[in-house]
Each structure stands twice: as C-alpha cells, then as structure tokens.
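Residues per chain are reported as follows:
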Amino acid sequence: MFSGTVYESQDTAAAATARRFVTTQKRLRDVVIQVTTFAQLFGTASNQRFSVAAGGSLSFTKVDIATLYFKNSVAAENGTVTIIGVEL
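Rules and cut-offs
- Residues numbered from 1 in each chain as written.
- Predicted model: local features only at pLDDT ≥ 70, side-chain atom pairs only at ≥ 80, totals over all residues.
- Heavy atoms only, no water.
- Helix = DSSP H or I, 4+ residues; strand = E, 2+ residues; numbered from the N terminus.
- Rg over C-alpha atoms; globule rule 2.2 N^0.38 Å.
- Buried < 20%, exposed > 50% of the residue type's maximum accessible area, 1.4 Å probe, protein only.
- Contact = heavy atoms within 4.5 Å.
- Areas by Shrake-Rupley, 256 points an atom, 1.4 Å probe, with all protein chains shown as cover.
- Lys, Arg positive; Asp, Glu negative; His and termini not counted.
- Charge placed at Lys NZ, Arg CZ, Asp CG, Glu CD.
- Pairing = 2+ DSSP bridges.
- Axes fitted to C-alpha atoms, helices over the stretch in contact; angles between N-to-C directions.
- Core = buried A, V, L, I, M, F, W, Y, C linked by side-chain atoms within 4.5 Å.

## What to know about the overall build of the protein
And step 1. A tally of helices and strands in the protein yields zero helices and eight strands.
And step 2. Sequence-ordered secondary structure for the protein, helices as α and strands as β, is β-β-β-β-β-β-β-β.
And step 3. Rg of the C-alpha trace for the protein: 13 Å, near the compact-globule value of 12 Å for 88 residues, within the 12% margin.
And step 4. Seen through its principal axes, the protein has C-alpha atoms that stretch 45 × 25 × 20 Å.
And step 5. Every one of the 88 residues in the protein was classed for burial, and the buried ones make up 34%.
And step 6. The contacts in the protein between residues at least 6 apart in sequence include a share of 74% that link residues at least 24 apart.
And step 7. Per element, the accessible surface of the protein, about 5200 Å² overall, is 53% carbon and sulfur.
And step 8. In the protein, 8 positive and 6 negative side-chain charges are present, and the distance between their average locations comes to 8 Å.

## A word on the sheet that holds strand β3 (residues 40–43)
And step 1. What the three strands build is an open sheet, ordered β4-β3-β7; its pairing is antiparallel. Only two strands of the sheet have a single partner each, and these edge strands are β4 (48–52) and β7 (69–72). Neighbour-to-neighbour, the strand axes of this sheet turn through a mean angle of 35°, independent of strand direction.
And step 2. Two elements, β3 and β7, share four bridges in a ladder whose sense is antiparallel. Following the sheet pairing, F42 is matched in β7 by F70.

## Digging into the nonpolar core
Most often, soluble globular proteins keep nonpolar side chains buried together rather than apart.
And step 1. Grouped together as the largest cluster of nonpolar side chains are 17 residues, with contacts concentrated most on Y7, F21, I33, F42, I65, V81 and I83.
And step 2. Listing elements by their share of this core, those giving two or more residues are β2 (27–37) and β8 (80–87).
And step 3. If you tally residues by element for this core, the top one is β2, at four residues.
And step 4. Apart from the residues lying within four places of it in its own chain, the contact partners of V81 are S9, Q10, D11, R19, F21, I33, Q34, V35, Q40, F42 and F70.

## Some thoughts on the pairing of β4
And step 1. Pairing of β3 with β4, which is carried by four bridges, proceeds in the antiparallel orientation. When the bridges of β4 are listed, F42 appears paired with F50.
And step 2. Taking the residues that link successive antiparallel strands as the turn, the β3-β4 hairpin has four residues.

What follows is the structure in structure tokens.
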C-alpha cells in the first residue's frame, strides 16, 4: 500500500545567514536534498557543519525538515538547494 503526498521545494540563498525550507513542522520520509549551485553547509539552528558540494546530494528517512538549517559554504556564493520527499 502506498501513502503520502509528494513534497518539493527549492531555495536560493539571498544572504550568508542560515535558512530552512519551512518554519513550521513538516515531517517527511524518504527525503532527497540536492545542492544545485554553490556548496552549502547543513545542520542545526546553531551549527551548520555538514558540507555538500554543488551537484551533490544527501538523503534522510523520517525527518522534520523544519529542524534542518543550511547556508552558503562561502559568503556571497548564493547556492540553490532543491528538496523532494514524501509527507508522513
């Protein structure tokens, strides 16, 4: 049996500060996040240390993406990040 609605979003940095896809709870399963342009750092609200290069991706299973923050790896290199997943 299949269930869940597809969630997709894209974000391009406008500044060097950390950002997130959504600000309210958004629980997803089978999530793929792709960095389209310019390396990005991923992590929590206080620390973004996990680097993903342009063209790279990461994936999660069962995550609330409102808790995932990301920012430019290099200031002024405003990267684009795309996400696709299935809502729980």
